[in-house]
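# Architecture at a glance
Chain by chain, the residues run as shown.
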Amino acid sequence: MWQALCQYVTYPVWDVYDGGGRLAELRSLQRSERWTPERLGELQLERARAMVGYAYEHCRFYRERWKSAPTIASLQDFSRIPVVTKADIGAHTNDLISSQFESAKLIGAKTGGSTGVALRVYFDEDCQKARNAAAMRTDGWAGWRPGSMIAGLWGTPPVPRTLKEKIRNTFHDRAIYLDTMRLDEQSMSDFAATMRRLEPEMLFGHAHSLFIFAQFLQQRGIAVPAVDGIISTSMMLIDSERKVIEAVFGSPVTNRYGCEEVGLIASECEEHRGMHLNSEHVFVEFLREDGSPAQPGEEGRIVVTDLMNKGMPLIRYAVGDMGVPSERRCACGRGLPIMERLTGRTADFLKRRDGSRVAGISLVEKTLTAIPGIGQLQIVQEQLDEFVLNLVPSPDYTEQAGRELDAVLRKEFGGDIRIQLNRVERLAQERNSKYRFSICKV
Ligand SMILES: [Zn+2]
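Throughout what follows, the structure given in this document is the object of discussion. Model, not experiment: these values are computed from the prediction.

### As for the overall build of the protein chain
When its secondary structure is counted, the protein chain shows 12 helices and 19 strands. Classification of the 442 residues of the protein chain by burial places 52% in the buried group. Of the contacts made within the protein chain by residues no fewer than 6 positions apart, 66% connect residues no fewer than 24 positions apart. Here the protein chain has roughly 20000 Å² of accessible surface; of this, 50% comes from carbon and sulfur atoms.

### Examining the pattern of salt bridges
According to the stated counting rule, one finds 26 salt bridges in the structure shown. Among the salt bridges present, the one from Asp139 reaches Arg256, with a minimum N-O distance of 2.4 Å. Of this pair, Asp139 sits in helix H6 (residues 125-141) while Arg256 sits in strand S7 (residues 253-259), and the two are 117 residues apart along the sequence. Asp139 sits in the buried class, given a relative accessible area of 12%. A salt bridge links Glu382 to Lys441, with the nearest nitrogen and oxygen atoms 3.4 Å apart. Here Glu382, found in strand S16 (residues 374-383), pairs with Lys441, found in the segment after strand S19 (438-440); they are 59 residues apart in sequence, far enough to count as distant. Judged by its relative accessible area of 51%, Lys441 is exposed. By sharing partners, the salt bridges in this structure join Glu33, Arg137, Glu270, Glu280 and Arg334 into a single network.

### Quick look at the coordination of the zinc ion
With distances of 2.1 to 2.3 Å, the protein atoms coordinating the zinc ion are Cys269 (SG), His276 (NE2), Cys330 (SG) and Cys332 (SG). Look at where the donors of the zinc ion fall in the sequence and you get C-x6-H-x53-C-x1-C. In this pair, His276 sits in strand S9 (residues 275-277) while Cys330 sits in the loop between strand S12 (317-325) and strand S13 (338-345), placing the two residues 54 residues apart along the sequence. Each member of the pair, His276 as well as Cys330, carries the same accessibility label: buried.

### Digging into the environment of Ala193
Here Ala193 lies in helix H8 (residues 185-198). With relative accessibility at 33%, the residue Ala193 sits in the partly exposed group. Spatially, the C-alpha atom of Ala193 lies 9.5 Å from that of Ala223, the residues being 30 residues apart in sequence.

Cut-offs applied
- Residue numbers restart at each chain and count upward from 1, following the sequence in its written direction.
- With pLDDT at 70 or above as the cut-off, local features in this predicted model cover only qualifying residues; side-chain atom pairs require 80 or more to be listed or tallied, and sums for whole chains, interfaces and linings still use all residues.
- The basis for every side-chain value is the complete set of heavy atoms in the structure, and neither hydrogens nor water enter the calculation.
- What counts as a helix is a DSSP run of H or I of at least four residues, what counts as a strand is a run of E of at least two, and both are numbered from the N terminus.
- Under the scheme applied here, a residue whose accessible area is under 20% of the maximum for its type counts as buried, over 50% as exposed, and between as partly exposed, the area being computed with a 1.4 Å probe on protein chains only.
- Note on contacts: a residue pair qualifies if any of its non-hydrogen atoms lie within 4.5 Å across the two residues.
- Only the protein chains shown count as cover for residues, and all accessible areas are computed by the Shrake-Rupley method using a 1.4 Å probe.
- Here a salt bridge means any side-chain nitrogen of Lys or Arg lying within 4 Å of a carboxyl oxygen belonging to Asp or Glu.
- Donor selection uses N, O and S atoms within 2.8 Å of the metal (3.2 Å for Na, K and Ca). Since no water is included, sites may look incomplete.

All quantities given are derived from atomic positions and should not be read as evidence of function.
Here it is, written out as structure tokens:
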């Protein structure tokens, strides 16, 4: 009843009160996701061409960088446009903002800074609505319906302050939060009690925080009501952790990938095989080291063009992550292209002496499943030949686990590397409450 009320009444009212636009965009996205990849490509080309023209005309940064307006006859022509880096954004924030907008009237966001670069980015109001609509579309794939109550595991949760926010929280975003900056026994058992009382339909949070909460409930034998869907976001989701989360909360995990700079980039659908790109809003390229396009199945650097943000256009922005493109069509029937998997942050790839690189996340995943006794693991590469391992032991931990881990690392990085093994109670969080399984400081 409540859900029907929200779906047909309160949400449209809210949308109008807020200036409208979100629901129209959501309906448009729900149509276009069924288009063929070719037709979606045409839409991208049209939007990308318009954005490139707009950026050249209104952003000093692009005028100075490009010298002349790029001609975009096909999406392949993008390869001639220079890539924008995090350093570019840091050094030229004001020049990237469109002269058509006052920066004070734009919506600002600060990126995490866990890679050592904290950035200010801005987007306009229409873009924010489009981003909200894109999030709602994929929330729907995960089982969310307007009015669903969300249990969020989040660092520094939002507290509704203004009347508008309170109305929104009551009628639309019905949400309860567990602050992931304070994950302890007390806060987790309190939150489990709240979940039993209010029976939220959705669970939402950073992958590893969801895992920590799930593992806590499992170990204590605390039951919570099953949810309709689980959305995991903002970081790498390890398979073994996904299984624990799904078992405890009785629902599949929908993994999602995005960033503050351009919003949602990709999300799993009901099939949970790879992630659909958010193609109507973001043009995604996968590039090899030399800048040429990676082939399907081949890992590449993720470079994105925001097709919606006129406030601060980002054209060919290197997000700092690696992923694998695919040619596979999804069994769900949507035409949105698939990213086979996210392989990690560029900065989190560990380096071998011969210059080759290892996805730290894969190494962690491999050892977690192969060596008994390891609950969680974080690999920090301090130097080419120096590693710090932070290990959370599981109940069956023995010294043997440490020896096996040592052998795996030496096989991968050389027999004479130095390894420091720390047994810790939990992995340390980043300032933005995310976790990283591998950190490369080389
Ligand atoms: Zn699909």
